[in-house]
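Here are the chains, one letter per residue:
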Amino acid sequence: MTNDKELLNSSKAPEPVGLYPHARRVGNLLFLSGVGPRERGTKKIPGVELDEAGNITSYDIETQCHSVFQNVRYILEDAGSSWSNLVDVTVFLTNMKDDFATYNRIYAEYFKDNQPCRTTVEINKLPTPIAIELKCIATID
């Protein structure tokens, strides 16, 4: 295995909102950039309702959780890794009080067979009108 740094982008995950790749491989480690629940090719965010000014009027954290986990899976698989290779997950929530219980229940469904290290933090805002974002590290066999 070489230590070349390889930039990787998924053809299925939403396009990055800045100048960064979906993931970067260094040796046998895969570092994912922050991944949210947006859909590729559109500004649509599953589970989010916006007003004309782009402000969140309502959101469904359950829908966003399923979408963000699917986007992480897309990136992992397109990069040659897999869900079972996740070793570390940092989760950013914008509303810990209201969303943690739902997110934690859904997380347990997705990670019952693979239990990476996890850190969950509440933040004030994310770059797009989303309620959850994941930052992950995985191995590549």
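Residues numbered from 1 in each chain as written. Predicted model: local features only at pLDDT ≥ 70, side-chain atom pairs only at ≥ 80, totals over all residues. Heavy atoms only, no water.

Student: Mind showing me how you'd approach the overall build of the protein chain here?
Tutor: If you tally the helices and strands in the protein chain, you get two helices and eight strands. What you see for the protein chain is a C-alpha radius of gyration of 15 Å, in line with the 14 Å of a compact globule of 141 residues. Split into buried and exposed, the 141 residues of the protein chain put 40% on the buried side. Taking the contacts inside the protein chain whose residues are at least 6 apart along the sequence as the reference set, 68% of them involve residues at least 24 apart. Side-chain charges in the protein chain split into 15 positive and 19 negative, and the spacing between the mean points of these groups amounts to 4 Å. (Helix = DSSP H or I, 4+ residues; strand = E, 2+ residues; numbered from the N terminus. Rg over C-alpha atoms; globule rule 2.2 N^0.38 Å. Buried < 20%, exposed > 50% of the residue type's maximum accessible area, 1.4 Å probe, protein only. Contact = heavy atoms within 4.5 Å. Lys, Arg positive; Asp, Glu negative; His and termini not counted. Charge placed at Lys NZ, Arg CZ, Asp CG, Glu CD.)

Student: How do you make sense of the nonpolar core when you look at a structure like this?
Tutor: If you look at soluble globular proteins, the nonpolar side chains tend to sit buried side by side. Core analysis: the biggest nonpolar cluster contains 29 residues, and Leu 32, Phe 69, Val 72, Ile 132 and Leu 134 have the highest contact counts within it. When residues in this core are grouped by element, the largest group, seven residues, is from helix α1 (residues 61-78). Among residues more than four places away in sequence, those in contact with Phe 69 are Trp 83, Ile 106, Tyr 107, Tyr 110, Phe 111 and Leu 134. (Core = buried A, V, L, I, M, F, W, Y, C linked by side-chain atoms within 4.5 Å.)

Student: Just to check I follow, could you spell out α1 for this structure?
Tutor: Because an α-helix completes one turn every 3.6 residues, residues spaced three or four positions apart along the sequence face the same direction. Taking 1.5 Å per residue as the helical rise, α1 with its 18 residues ought to reach 26 Å, and the 26 Å between its terminal C-alpha atoms agrees with that figure. Of the residues trailing α1, Gly 80 is marked for its positive phi of about 90 degrees. (Expected span 1.5 Å × (residues − 1).)

Student: Could you clarify how one ought to interpret the packing of α1 against helix α2 (residues 96-110) in this entry?
Tutor: What describes two packed helices is the angle between their axes and the distance between those same axes. Packing of α1 against α2 brings their axes to within 9 Å, and their N-to-C directions diverge by 40 degrees. With respect to their mutual orientation, α1 and α2 come out oblique. Helix-helix and strand crossings are classified by hand; for α1 and α2 the assignment is right-handed. Along the contact surface, α1 presents Ile 61, Glu 62, Cys 65, His 66, Phe 69 and Arg 73, while α2 presents Asp 99, Thr 102, Tyr 103, Arg 105, Ile 106, Tyr 107, Glu 109 and Tyr 110. Partitioned by chemical class, the residues of the contact of α1 with α2 number seven nonpolar, two polar and five charged. (Axes fitted to C-alpha atoms, helices over the stretch in contact; angles between N-to-C directions. Parallel < 35°, antiparallel > 145°, perpendicular 65-115°, else oblique. Left-handed = near helix turned anticlockwise from the far one by under 90°. Nonpolar A, V, L, I, M, F, W, Y, C, P; charged D, E, K, R; others polar.)

Student: What exactly am I supposed to notice about the packing of aromatic side chains here?
Tutor: Here the distance between the centres and the angle between the planes together describe a pair of aromatic rings. The tally for this structure, following the rule as stated, stands at nine aromatic pairs. Seen from their ring centres, Phe 69 and Tyr 110 are 4.6 Å apart, and the 55 degrees between their planes marks the pair as tilted. With Phe 69 in helix α1 and Tyr 110 in helix α2, this pair connects stretches of sequence that are 41 residues apart. Measuring from centroid to centroid gives 5.6 Å for Phe 100 and Tyr 103, while their planes differ by 65 degrees, and the two rings are edge-to-face. Taken together, the residues span about one helical turn, with Phe 100 and Tyr 103 both in helix α2 at a distance of three residues. (Phe/Tyr/Trp six-rings, centres within 6.5 Å; stacked < 30°, edge-to-face > 60°.)

Keep in mind these numbers describe shape, not what the thing actually does.
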